[in-house]
Amino acid sequence: MSEEKKSLNFIEQIIEEDLTNGMKKENLRFRFPPEPNGYLHIGHTKAIGISFGLGEKYNAPVNLRFDDTNPAKEEQEYVDAIKKDVSWLGYQWENECYSSDYFQQLYDWAVQLIKDGKAYVDSQTSEEMAEQKGTPTEPGVASPYRDRTVEENLELFTKMKNGEFEEGEHVLRAKIDMASPNMLLRDPLMYRILKKSHHRTGNDWVIYPMYDWTHGESDYLEQISHSLCSLEFKPHRDLYNWFRDHVYEYSKSDFPLVPKQREFSRLNLSYTIMSKRKLLKLVEEGVVSGWDDPRMPTISGLRRRGYTPASIRNFIETVGVSKRENIIDVALLEFKIREDLNKNANRVMGVLNPVKLVITNYPEDKEEILIAENNPELDAGSREVPFSRELYIEREDFKEEANRKYFRLALGKEVRLKNAYIIKGESCVKDDDGNITEIHCTYDPLSKSGSGTEESKRKVKGTLHWVSKKHAVSAEVRVYDRLFSDEAPDGHKDKDFMEFLNPDSLKVINAFVEPSLVNSKIGERFQFQRLGYFNVDDDATKEHLVFNKTVGLRDTWAKVNK
RNA sequence: AAACCUGUGAUGUAAUGGUUAGCAUACAAGACUUUGACUCUUGUUGUAUAGGUUCAAAUCCUGUCAGGUUUACCA
């Protein structure tokens, strides 16, 4: 535990600096502010990890705030899903907040701004306003309504609030600077009329505050010390500060602390997309089965896929925080889940691509119960696995002839059956098309695993997993591949991300697994030895087992074999 | 040719002017192995570029180049 050696990321450095400049540690407060218009994805876990991580590090409160200022897109379903996902990741929020709870306060402040000549009602169309806005290189021009009197503005704004106008007739704008090089400062909108029911406030309001007017003030009301967001909000910072500084003048006695916005780069993962809008499209077009499809980069998808909260948190930790654009190799995420599951998942045997193996010198009616260790990494005990004359092994684990690089079963070659005996390939049976239907072998009765005999200690190069044919339990196994075939599916200007969909991202297999798995529970995770990590899918029932392949084991042989 | 932000191996990040630029992943070679896994050992690749300041620059300054962001009644 060398605390002093651990380096700080740039946000931690800012906080440390604020602390040395006199900010009290008790005043540290953070927030995670999702809009409830979709499910959380792996990209959000970075933001979650940063703010909640800071909360843990400084023992400071972190609010979960729903940024719900657009009734057209937000739904309770998403609120529930977001809360579930954040909790599942293992974070606890101090307060559950809603921007919509601040609508009245925001309105009151807006009225004050109008009275101070800092805001006005504009009555042009959005097209007209867009035209006046100018471009980054040319200044904008003032709206003809910019100099309305305070009285007129007040009257119009009140009528807007009272629902006396239709959508689009008027908006409230902050009066800042139409010539600012920062386009966001060219009299940004504060309110628009939206005659839609809100998931929390119902029909109480027909004017809704815009993001910029809402977000910073919500931070201020909650007395957030550091408001952390992603880089695309950097240009908003000037506006954040403008609003904040005015509101502070109105309310500093009640709310003395001034929040500070800082920006970090968002997370991008290779071979996937991270846009809610695009993920929604995958769901709506039925490309995936839902937001929690195991191929989705959503938290709910990863959860269903078999990822653990710890693996995701470790991943985020390793990725770090900076201000540069990045694409993180999905291999790192896979490493993190393997690392966790290798340590914690019990080992079992299952055969995904079965071929029959007959041990010709094993007695017809004999059955044995063999002992198999659950997890060599842990003291996780052992289980019983039935063994008999006829087994299933993987089709890839047998070749009639093989070179010395091939460690598996071949005619005349020996391998060990995991937890069982050493066998030797003798012959195989083929159908009319030349496909192998049955493999015949002989076994060495003295080589039984753990028996302590000389024969049992013999080294053979290969070890195969297997399932006793008579005792095998059939199971549906869903094998996933990446959803997109391109490293950056939405990184092409000339091509739509849908063009890169991988048609083979899901394969459904009928497999045979060892009988101990009939008692497995939904969500339970296992290592299928030599194959990978699998978990029990939500669709599984007692009668019909369903497994998801979380991730394969690292496979050096597959690389050599290519 | 606007403003702002960002450039460190393949990827991500560290070094906060001061030893051979560290760590993780990835990749490669080997050891071990009743999982071709895990673990262990070893190895390859890097400070965008040109100047400047300094005894000393990845770090500070200037130019160049490259990438990103901003022109929603979305957040």
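Residues numbered from 1 in each chain as written. Chains lettered and ligands numbered in written order. Predicted model: local features only at pLDDT ≥ 70, side-chain atom pairs only at ≥ 80, totals over all residues. Heavy atoms only, no water.

**A look at the pairing of strand E5 (residues 171–174)**
With burial as the criterion, each face of E5 is covered, one bearing Val 171 and Arg 173 and the other bearing Leu 172 and Ala 174. As paired strands, strand E4 (residues 119–122) and E5 are joined by four bridges and run antiparallel to one another. Looking at the pairing, Ala 119 lines up with Ala 174 of E5. Examined bridge by bridge, E5 and strand E6 (residues 189–193) share three bridges and lie antiparallel to one another. Bridging across to E6, Val 171 finds its partner in Arg 192. (Buried < 20%, exposed > 50% of the residue type's maximum accessible area, 1.4 Å probe, protein only. Helix = DSSP H or I, 4+ residues; strand = E, 2+ residues; numbered from the N terminus. Pairing = 2+ DSSP bridges.)

**Some thoughts on the protein's contact with RNA strand B**
Near RNA strand B lie 62 residues; those nearest to it are Gln 13, Arg 324, Arg 347, Ser 449 and Gln 527. Sugar and phosphate atoms form 62% of the subset of RNA strand B atoms that lie within 4 Å of the protein. His 236 has a polar side-chain atom sitting 3.2 Å from a base nitrogen of RNA strand B. Contact distances for RNA strand B include 2.6 Å between a phosphate oxygen and a side-chain N or O atom of Lys 559. Elements that contribute at least two residues to the surface near RNA strand B include exactly helix H5 (126–132), E6, helix H12 (330–344) and helix H13 (556–561). Of the residues assigned to the surface near RNA strand B, the class counts are 22 nonpolar, 19 polar and 21 charged. (Near = heavy atom within 4 Å. Polar contact = N/O pair within 3.5 Å; in protein donor to acceptor, adjacent residues only side chain to side chain. Nonpolar A, V, L, I, M, F, W, Y, C, P; charged D, E, K, R; others polar.)

**Focus: the sheet that holds strand E7 (residues 207–209)**
Adjacent strands of a sheet pair through backbone hydrogen bonds, lying either parallel or antiparallel. Ordered in space as E4-E5-E6-E7, the four strands form an open sheet in which the pairing is antiparallel. The open sheet terminates on both sides in strands that have one partner only, identified here as E4 and E7. Across the sheet, the mean angle separating the axes of adjacent strands is 20° when strand polarity is ignored. Helix-sheet contacts for helix H4 (residues 103–115) involve E4, E5, E6 and E7, and the interaxial angle to E6 is about 115°. (Axes fitted to C-alpha atoms, helices over the stretch in contact; angles between N-to-C directions. Contact = heavy atoms within 4.5 Å.)

**Details of unusual backbone geometry**
For residues besides glycine, phi is generally negative; the peptide bonds are generally trans as well. One non-glycine residue with positive phi stands out, namely Tyr 271, at about 65°. Relative to the helices and strands, Tyr 271 is located in the loop between strand E9 (260–264) and helix H9 (276–284). Look at Tyr 271 and you get partly exposed, because its relative accessible area is 22%. With a phi close to 70°, Arg 530 is a non-glycine residue in the positive phi region. Looking at the secondary structure, you find Arg 530 in the loop between strand E25 (525–528) and strand E26 (532–536). Assessed through its relative accessible area of 34%, Arg 530 is described here as partly exposed.

**Some remarks on H12**
Taking 1.5 Å per residue as the helical rise, H12 with its 15 residues ought to reach 21 Å, and the 21 Å between its terminal C-alpha atoms agrees with that figure. Along H12, the positions that sit buried rather than exposed are Val 330, Leu 333, Lys 336, Ile 337, Asp 340 and Leu 341. The buried residues of H12 occupy an angular sector of 120° when the element is viewed end-on, so they sit on one face. At its buried positions, H12 is contacted by helix H10 (299–305), helix H11 (309–319), strand E10 (346–348), E25, E26 and strand E27 (545–552). (Expected span 1.5 Å × (residues − 1). Arc of directions from axis to C-beta.)

**A look at the packing of helix H2 (residues 42–58) against H11**
Their axes nearest at 10 Å, the elements H2 and H11 cross at an angle of 85°. When the interaxial angle is binned, H2 and H11 end up roughly perpendicular. In this structure, H2 contributes Ile 42, Thr 45, Lys 46, Gly 49 and Glu 56 to the contact, and H11 contributes Ile 312, Arg 313, Phe 315 and Ile 316. In terms of residue class, the contact of H2 with H11 is built from four nonpolar, two polar and three charged. (Parallel < 35°, antiparallel > 145°, perpendicular 65-115°, else oblique.)

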